[in-house]
Amino acid sequence: MTPSSSAPSAPSAPGTVPASLDGAPRDAAPSATGARARFGPVALVVSAGISVQFGAALAVMVMPRTGAAGVVTLRLAAAALVLLLVCRPKVRGYARADWSTVFWFGVTMAGMNGLFYQAIDRIPLGPAVTLEVLGPLALSVIVSRRLVNLLWAGLALAGVALLAGHGEGGFGGLDPLGAAFAVGAGAMWAAYIVFSARTGRRFPQADGLALAMAVAAVISLPLGVVEAGSDLVVPSTLALGLGVAVMSSVLPYTLELLALRRLPAPTFAILMSLEPAIAASAGFLVLHQGMSVADALAIALVIAASMGAVRSQTAAPPAAPPGGPSAAPAS
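Residues numbered from 1 in each chain as written. Predicted model: local features only at pLDDT ≥ 70, side-chain atom pairs only at ≥ 80, totals over all residues. Heavy atoms only, no water.

J.: It is not clear to me how the overall build of the protein should be interpreted in this structure. Could you clarify?
T.: Counting secondary structure elements, the protein contains 11 helices and zero strands. Element order for the protein, N to C, with α for helix and β for strand: α-α-α-α-α-α-α-α-α-α-α. Put simply, the protein has 331 residues, and 48% of those count as buried. Sequence-distant contacts, at least 24 apart, represent 89% of the contacts inside the protein between residues at least 6 apart. (Helix = DSSP H or I, 4+ residues; strand = E, 2+ residues; numbered from the N terminus. Buried < 20%, exposed > 50% of the residue type's maximum accessible area, 1.4 Å probe, protein only. Contact = heavy atoms within 4.5 Å.)

J.: Sorry if this is basic, but what is going on with the side chain of Ser-196 here?
T.: With respect to the element layout, Ser-196 can be found in helix 6 (residues 176-202). Setting aside residues up to four positions removed in sequence, Ser-196 forms contacts with Phe-105, Leu-257 and Leu-260.

J.: Can you walk me through the pattern of salt bridges in this structure?
T.: Side chains carrying opposite charge are able to pair once their charged atoms draw close together. One pass over the full model with this rule turns up one salt bridge. Put simply, Arg-202 and Asp-98 hold a salt bridge, and the shortest N to O gap is 2.4 Å. Pair noted here: Arg-202 is in helix 6 and Asp-98 is in helix 2 (residues 96-120), with a separation of 104 residues, a long-range link. The pair Arg-202 / Asp-98 is uniform in exposure class, with both members buried. (Salt bridge = Lys/Arg side-chain N within 4 Å of Asp/Glu carboxyl O.)

J.: Help me out: how do you make sense of the nonpolar core in this one?
T.: In a soluble, globular protein the nonpolar side chains are often hidden away together inside. Grouped together as the largest cluster of nonpolar side chains are 74 residues, with contacts concentrated most on Met-109, Phe-116, Tyr-117, Leu-125, Leu-209 and Met-213. Dropping the residues within four chain positions of it, Met-213 is found in contact with Leu-76, Ala-79, Ala-80, Leu-83, Met-109, Ser-249 and Tyr-253. (Core = buried A, V, L, I, M, F, W, Y, C linked by side-chain atoms within 4.5 Å.)

J.: What am I meant to see in the packing of helix 2 against helix 3 (residues 125-132) here?
T.: To characterise two packed helices, one gives the angle between the axes of the helices and the distance between these axes. Where helix 2 contacts helix 3, the axes come no closer than 9 Å and their chain directions differ by 140°. The interaxial crossing formed by helix 2 with helix 3 has right-handed handedness. Within the contact between the two elements, helix 2 uses Met-112, Phe-116 and Ile-120 and helix 3 uses Leu-125, Ala-128, Val-129 and Glu-132. Of the residues that constitute the contact of helix 2 with helix 3, the class distribution is six nonpolar, no polar and one charged. (Axes fitted to C-alpha atoms, helices over the stretch in contact; angles between N-to-C directions. Left-handed = near helix turned anticlockwise from the far one by under 90°. Nonpolar A, V, L, I, M, F, W, Y, C, P; charged D, E, K, R; others polar.)

J.: What is the right way to read helix 6 from this model?
T.: Along an α-helix, residues three or four apart share an orientation, since each turn contains 3.6 residues. An ideal rise of 1.5 Å per residue puts 39 Å on 27 residues; helix 6 measures up with 39 Å between its terminal C-alpha atoms. Of all 27 residues that make up helix 6, 19 are buried, and the element is covered over most of its length. (Expected span 1.5 Å × (residues − 1).)

J.: Even after reading the chapter, I still don't get helix 8 (residues 235-260), so can you show me in this structure?
T.: Helix length check: helix 8, at 26 residues, gives a terminal C-alpha distance of 36 Å against a target of 38 Å (1.5 Å per residue), a fit within 8%. For helix 8, the principal kink sits at Val-246 and spans about 40°. (Bend = angle between axes of the 7 residues up to and from the residue.)

J.: Can you walk me through the packing of aromatic side chains in this structure?
T.: The description of two aromatic rings rests on the distance between their centres and on the angle between their planes. Applying the stated criterion across every chain, the model contains six aromatic pairs. Aromatic pair Trp-99 and Phe-203: ring centres 6.2 Å apart, planes at 70°, arrangement edge-to-face. Taken as a pair, Trp-99 in helix 2 and Phe-203 in the loop between helix 6 and helix 7 (207-228) lie far apart in primary sequence, 104 residues in all. Classification of Phe-203 by relative accessible area gives buried; the value is 2%. Considering the side-chain rings of Phe-116 and Tyr-117, the 5.7 Å spacing of their centres and the 80° angle between planes classify their relative orientation as edge-to-face. You'll find Phe-116 and Tyr-117 in the same group, each marked buried. Among the aromatic residues, those joined into a ring-pair cluster are Tyr-94, Trp-99 and Phe-203. Positioned above the aromatic ring of Phe-195, the side-chain terminus of Arg-198 is 5.3 Å from the ring centre. (Phe/Tyr/Trp six-rings, centres within 6.5 Å; stacked < 30°, edge-to-face > 60°. Lys NZ or Arg CZ within 6 Å of the ring centre and 35° of its normal.)

Encoded structure:
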């Protein structure tokens, strides 16, 4: 796929010093600015992960009121309403390919959320996210053009496997249907990464995100109404649903969309391996789920892999060839 003409220009390769207006090279004095440019997208992704996992912990507490499908409906409908009001996206001037991209972005968001909440309704939060993150890890292996990213993906996968094999939430005692839902959510998560990047290139600011969220809300609405009925409009439940929407949809999706404009998809996908660690922390602090020494070691492996991925991205050669590590995700 070719980005539309409104797509932002590609950032300078990490480690390079842009030329001044007269063609002479600039001094390398503003190193702090360069560091922010390199690590700013990383901070966006990590912040998004913290928000979404603590939002998921809050959603677990809402499920007894509405069921899993009801929580998804509240989350997506509230998020769509907030984004549409804030962004006020334009609907004119877009090609059929643009609308197709935003439609499939909405479908992947609806599928990812629906499958994930069905999973955490049946299995603990930590193992559910651990299984789900296999989708982005698989994506990083598929689209990566650098062998070092395969190494970091392998290390992250080892941490995921170790986290999955210990503690009360070990995979041996998981509900098979819940585990299957989590794996399916991971596949949709990988698709979300691809369509989020495409939407970010075709629509300005967060307009595409707002439109896609509306699509996801419309898709999820019938399922939520069937499961929860009038419980969806209880004021206290609506307030909790709004909190879940802001923490789990509005804030993280916006941060991730912005990050994907400046971060290669393989690095973004490996950074997603931080999610089991963040989910374990949310489970401990909000849901009072304990963590063993083996779990802590697994988290350390995942964090080490993510740090290595970031290091390899920021230390990339100044001029990557077309289709190299700085390229957009494969179509």
